[in-house]
Every structure is written in structure tokens, then in C-alpha cells.
Amino acid sequence: MSYDDVLKVSEEVREALAEGRPVVALESTIIAHGLPRPRNLRVATELEELVRAGGAVPATVAVLDGRPHVGLDKDQLERIAGGGLRKLGHRDLPMALAAGASGATTVSATAYLAHWADIRVFATGGLGGVHRGWTETQDESADLALLSRTPVAVVCAGVKSILDVPATLQRLETLGIGVVGYGTDRFPGFYLADSGEPVDWTVHTPEEAADVLRSHDAIGPDSALIVANPVPEAEQLDPELHDRVLAEALAACREQGITGQAVTPFLLDHLVRHTGGASLEANVAAVRGNVRLAAAIAAAL
Ligand code: PSU
Ligand code: MN
């Protein structure tokens, strides 16, 4: 099957790509499974507006009725935010397509489809990675393996702090996925500006990030480039509250026997409910910053 038989790229995104105008891909799992309703629809709409305000065209990615869509209209965004959709990693795409199913795409599925559609820059909240307790569960997000063979730029606030961050950074190194801090030499901690780990490379402007991307293109590696953009310190979650509630969330996850794809949504939801919504504000602030930066980088390319 060819690109046109499978992918449904919206008119607006198609035209922008054909004319070489900036486009930013956005994932839909964060909307469907990462943020609570009804706030999630407002955030989804706001993220698209932020991309436009930055001079780029938003391309939210999802699977609807057995077709991968790149670029959604208002009704389609509402369907994503409405609930009841599956969470689709890239490995789920053939089954979802054959079944005519609908689902929200994770970083792995979104990066895969965005790259296929020829979109260079992708924004999300925090990447998936190696979960704590990996030695027992072997739970490592499919995001990492997919990004090791997909040359997109991913603007994110690091990896989710619910993960084993040092182990995830080690895997990124092993997999040959480049990481550059934006305005910082610290690896961001998703809800927190600093995960406690360093990064080796720093850029300070969207133009510098675009330079790195051009070099990335020139060298032509298979892997993604991660632009790690910290949540502004004023908007981060209080680190003490973060550590305490996260420990409770991890314990609850173990006690309730949550496994597989359900782990990440469970932990994120637990944090929202036990921080009085503060983790939600930090999450949204991080994503907003990433989307703005992704638009600026796409425009600078
Ligand atoms: N970033 C967020 N919220 C999210 C996610 C990312 O701010 O919900 C999603 C992404 O779709 C990512 C997924 O791919 O969480 C990781 O899930 P898992 O650990 O099951 O691979
Ligand atoms: Mn997992």
C-alpha cells in the first residue's frame, strides 16, 4: 500500500508541506490518555493555536476509523478528547487499520506517521522510557526503540519523571539518540525543570536548534534528535510534593497490579488527583512550552 492509500493528510497540512512551510506534529495520546476530561479538549485546541501563533501549521496525529490521520479538524479533535479510544503504539497500527479501529497515537506511533508524512518537527510533553523496576518488568516504552530509527526532532520536557531517568538516558545513549538541552545543561524532569541529570549539549535559540537539525540531516542518521526543553521553574511542580506523591503513585501501581500500556496513564492520573491538580498545571505548562519552541524551530528551518 502506498502513502496515499493509507495516510490521510489534511488539506492544510498537505499544502503547507508542498509549499515548504513549517509544520509541527502533535501526538494524541496525551490528549486521550494523559490529561483529564474536559480539560484535555481545551488543551488540544490551545496547543494547535500556539503552533499557529508561532507561524507553523499544527498536524495532530491519530487513527480514525482505520485510517491514520495527520492533521485533524475540530470534530476529529473532539473525538480524540471524548474518551473511549485505544492507545496505539506504532506496533498496533496494522491491527488498528485492519480492524477499522480508532485510537490515539503515542510518541512512537506519532513519530512514525509524522516521518512518513515528511514532517520534521514533533512536540509532546515527556517521552516514554525505562520504567522503575525494569529488572522485574522489562517495561521500557516503545518510544525509545522507534526513535532510534526515525529521524524526527522531538521537542519534549525530557522523559516523564515517573520513569527511571538515569536508565532512560543510558538507553538513549546506547540507541544513538541525540539529546540537546534547550537553554540548559540539565536534563529536564517533565514536571520539574531539572531531573538531576546533566546533558552534554546545549542550544540557546530556535536558530541554533535548527542548525543542529540541518547538521543531523546532512549526516543522515536513522535516529531522532531530542530537544529537551525544561518547564519554566516558576511553573514546575513543587519538587517535594512531586517526590512524595510519585512514591505513593508507584506503590499504588504495584499494589493494584497495573501493567503494560496502562502504567503511564495510571501514574499520571494518580499524580493529578493527589497533587490537587498541580501536576496537571505543570504538565500543561511543559507541553505549551514545547509546542511554542517546536513551532519556532520549524519556522527557523
Ligand atoms: N507526554 C505527556 N503525556 C502523555 C504522554 C507523553 O505529557 O500521556 C504519552 C506519550 O504518548 C508517550 C506515552 O508515548 O505517554 C508513553 O507510554 P508508554 O510508557 O506506555 O510507552
Ligand atoms: Mn510501557
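Source: prediction; values computed, not measured.

Thresholds applied
- Residues numbered from 1 in each chain as written.
- Chains lettered and ligands numbered in written order.
- Predicted model: local features only at pLDDT ≥ 70, side-chain atom pairs only at ≥ 80, totals over all residues.
- Helix = DSSP H or I, 4+ residues; strand = E, 2+ residues; numbered from the N terminus.
- Expected span 1.5 Å × (residues − 1).
- Buried ≥ 20, exposed ≤ 12 C-beta atoms within 10 Å, placed from the backbone.
- Arc of directions from axis to C-beta.
- Contact = placed C-beta atoms within 7 Å.
- Domains from an automatic or database assignment.
- Axes fitted to C-alpha atoms, helices over the stretch in contact; angles between N-to-C directions.
- Parallel < 35°, antiparallel > 145°, perpendicular 65-115°, else oblique.
- Left-handed = near helix turned anticlockwise from the far one by under 90°.
- Nonpolar A, V, L, I, M, F, W, Y, C, P; charged D, E, K, R; others polar.
- Pairing = 2+ DSSP bridges.
- Near = placed C-beta within 6 Å.
- Core = buried A, V, L, I, M, F, W, Y, C linked by C-beta atoms within 7 Å.
- UniProt positions renumbered as here; feature names shortened; annotations may be inferred.

Colleague: Give a detailed account of helix α4 (residues 39–53), specifying residues and quantitative values.
Modeller: Over its 15 residues, α4 extends 21 Å from the first C-alpha to the last, a length consistent with the 21 Å expected when each residue adds 1.5 Å. Residues of α4 that are buried include every one of Asn40, Val43, Ala44, Leu47, Glu48, Leu50 and Val51, and no others. Buried residues of α4, viewed axially, fall in a sector of 155°; they line one side. Residues Glu49 and Ala53 are exposed on α4 and point more than 90 degrees away from its buried face. The elements touched by buried residues of α4 are β2 (23–26), α3 (29–34), β3 (57–64), α5 (74–81) and α14 (278–300). After α4 finishes, the residue Gly55 shows a positive phi value of roughly 85°.

Colleague: I'd like to hear about the domain arrangement of the protein, residue by residue, with values.
Modeller: Segmentation of the protein into domains returns domain 1 (1–119) and domain 2 (125–301). When each unit is reduced to the centre of its C-alpha atoms, the spacing between domain 1 and domain 2 is 20 Å. Listed per partner, the contact involves 26 residues of domain 1 and 28 residues of domain 2. Those elements giving two or more residues to the side of domain 1 that touches domain 2 turn out to be β2, α3, α4 and α7 (107–116).

Colleague: Can you explain the packing of helix α12 (residues 239–255) against helix α13 (residues 263–274)? Please cite residues and give values.
Modeller: Look at α12 against α13: their axes get within 9 Å of each other, and the N-to-C directions meet at 135°. When the axes of α12 and α13 are compared, the pair comes out oblique. Viewed along their axes, α12 and α13 form a crossing whose handedness is right-handed. Contact with α12, carried on its side by Val245, Leu246, Glu248, Ala249, Ala252 and Cys253, involves Val263, Phe266, Leu267, His270, Leu271 and His274 of α13 and no other residues of that element. Along the lines of polarity and charge, the residues of the contact of α12 with α13 split into 9 nonpolar, 2 polar and 1 charged.

Colleague: Tell me about the pairing of β2, and please be specific about residues and values.
Modeller: Of the two faces of β2, both are covered, the one formed by Val23 and Ala25 as well as the one formed by Val24 and Leu26. Two strands pair when backbone bridges link them, and β2 and β3 are joined in this way by 4 bridges, in the parallel orientation. Bridge assignment links Leu26 to a residue of β3, and that residue is Thr60. The pairing of β2 with strand β7 (residues 121–123) spans 3 bridges and is parallel. From the neighbouring strand, Leu26 faces β7, where its bridge partner is Ala123.

Colleague: Lay out the site of ligand 1 in plain terms, naming residues and giving numbers.
Modeller: Close to ligand 1 lie 20 residues; Thr29, Gly34, Gly125, Gly128 and Ser141 are nearest. For the shell around ligand 1, the secondary structure elements donating two or more residues are α3, α7, α9 (142–147), α13 and α14. Here the shell around ligand 1 gets 4 residues from one element, more than from any other, and that element is α3. In terms of residue class, the shell around ligand 1 is built from 5 nonpolar, 13 polar and 2 charged. When residues of the shell around ligand 1 are assigned to domains, at least three map to each of domain 1 (1–119) and domain 2 (125–301).

Colleague: Any details on the environment of His69? Residues and values, ideally.
Modeller: Along the chain, the position of His69 falls in strand β4 (residues 67–70). Separated by 60 residues in sequence, His69 and Val9 place their C-alpha atoms 5.9 Å apart. With sequence-adjacent residues up to four places away left out, His69 is seen in contact with Lys8, Val61, Ala62, Leu64 and Gln76.

Colleague: Lay out the nonpolar core in plain terms, naming residues and giving numbers.
Modeller: Of all hydrophobic cores here, the largest spans 98 residues; its most connected members are Val24, Ala59, Ala114, Ala153, Val154, Val227 and Ile297. Tallying contributions element by element places α14 first for this core, with 12 residues. Two domains each provide a minimum of three residues to this core, namely domain 1 (1–119) and domain 2 (125–301). Other than its neighbours up to four places away in sequence, Val227 contacts Ala153, Val154, Val155, Val180, Tyr182, Ala209 and Ile297.

Colleague: Tell me what's going on with α7, and back it up with residues and numbers.
Modeller: Taking burial as the measure, the 10 residues of α7 include 8 buried ones, the bulk of the element. Taken residue by residue, α7 has Val107, Ser108, Ala109, Thr110, Ala111, Tyr112, Leu113 and Ala114 as its buried positions. Where α7 terminates, the next one or two residues include Asp118, which has phi positive at roughly 75°.

Colleague: Which residues make up the UniProt feature "active site" (unreviewed entry) in the protein, and what values go with them?
Modeller: In the UniProt entry, the feature "active site" (unreviewed entry) is given for Glu27 and Lys160. Looking at Glu27, the number of C-beta atoms within 10 Å reads 27, which means it is buried. The residues contacting Glu27, other than those within four sequence positions of it, are Val61, Thr105, Thr106, Val107, Thr110 and Thr124. With respect to the element layout, Lys160 can be found in the loop between β8 (153–156) and α10 (165–174). The class for Lys160 is buried, based on 25 C-beta atoms found within 10 Å. Excluding its chain neighbours within four sequence positions, the residues that come into contact with Lys160 are Gly126, Gly128, Phe190 and Thr264.

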